[in-house]
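Structure at a glance
Listed here are the chains, written in short residue letters.
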Amino acid sequence: MNQARLREKVAVTSFKVDSHSHLAIKDPEVCRQCEGKWCTLFCPTGVFSWNEVDQKIDITHEACVECGASRIGCPYLNIHWEYPRGGFGVQHRYG
């Protein structure tokens, strides 16, 4: 699926945002040493971004579609992923 089509699908998806993130970086030092910054590439909604100023990964959990890529995409298994608390997270309009 191309990026434009993906953005269209995400646009009709609603989110009940929790103030508590269900995503976290386990060890920021691992991210600093990661040359590929792979998490910024595999997430279909761009939840992860490299913050050059602070030398860390920023996480925008509000846009997570809970596809599970975070659990397996990091070659260092440095991303903690869990389902959002009950009642929160992505709410698909069409099954």
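Here the structure is a predicted model, which is why all the values come from computation and not from measurement. (Residues numbered from 1 in each chain as written. Predicted model: local features only at pLDDT ≥ 70, side-chain atom pairs only at ≥ 80, totals over all residues. Heavy atoms only, no water.)

Observations concerning the overall build of the chain
- Summing up its helical and strand segments, the chain has four helices and six strands in all.
- When the elements of the chain are put in sequence order from the N terminus, they spell out α-β-β-α-α-β-β-α-β-β.
- Residues classed as buried in the chain amount to 31% of the 95 residues present.
- Considering only contacts within the chain whose residues lie at least 6 apart along the sequence, 64% involve residues at least 24 apart.
- On the chain, roughly 6,300 Å² of surface is accessible, and the fraction owed to carbon and sulfur atoms is 52%. (Helix = DSSP H or I, 4+ residues; strand = E, 2+ residues; numbered from the N terminus. Buried < 20%, exposed > 50% of the residue type's maximum accessible area, 1.4 Å probe, protein only. Contact = heavy atoms within 4.5 Å. Areas by Shrake-Rupley, 256 points an atom, 1.4 Å probe, with all protein chains shown as cover.)

Description of the pairing of strand S3 (residues 48-51)
- Across four bridges, S3 lies against strand S4 (residues 56-59) in antiparallel orientation. Each bridged residue has a counterpart across the sheet, and for Trp50 the counterpart in S4 is Ile57.
- Linking S3 to S4, which pair antiparallel, is a turn of four residues; within it Gln55 sits at a positive phi near 55 degrees. (Pairing = 2+ DSSP bridges.)

Here's the deal with the environment of Ser49
- Tracing the chain through its elements places Ser49 in strand S3.
- Each C-alpha atom of the pair Ser49 and Lys37 lies 8.5 Å from the other, and the pair is 12 residues apart in sequence.

Digging into the nonpolar core
- In this structure, Leu23, Ile25, Cys31, Cys39, Cys43, Val47, Phe48, Ile57, Cys64, Cys74, Ile79 and Trp81 together form the largest nonpolar core, which totals 12 residues.
- Every element with two or more residues in this core is listed here: strand S2 (23-25) and strand S5 (79-81).
- Residues contacting Ile25, with those up to four places away along its chain left out, are Cys31, Ile57, Ile59, Asn78 and Ile79. (Core = buried A, V, L, I, M, F, W, Y, C linked by side-chain atoms within 4.5 Å.)

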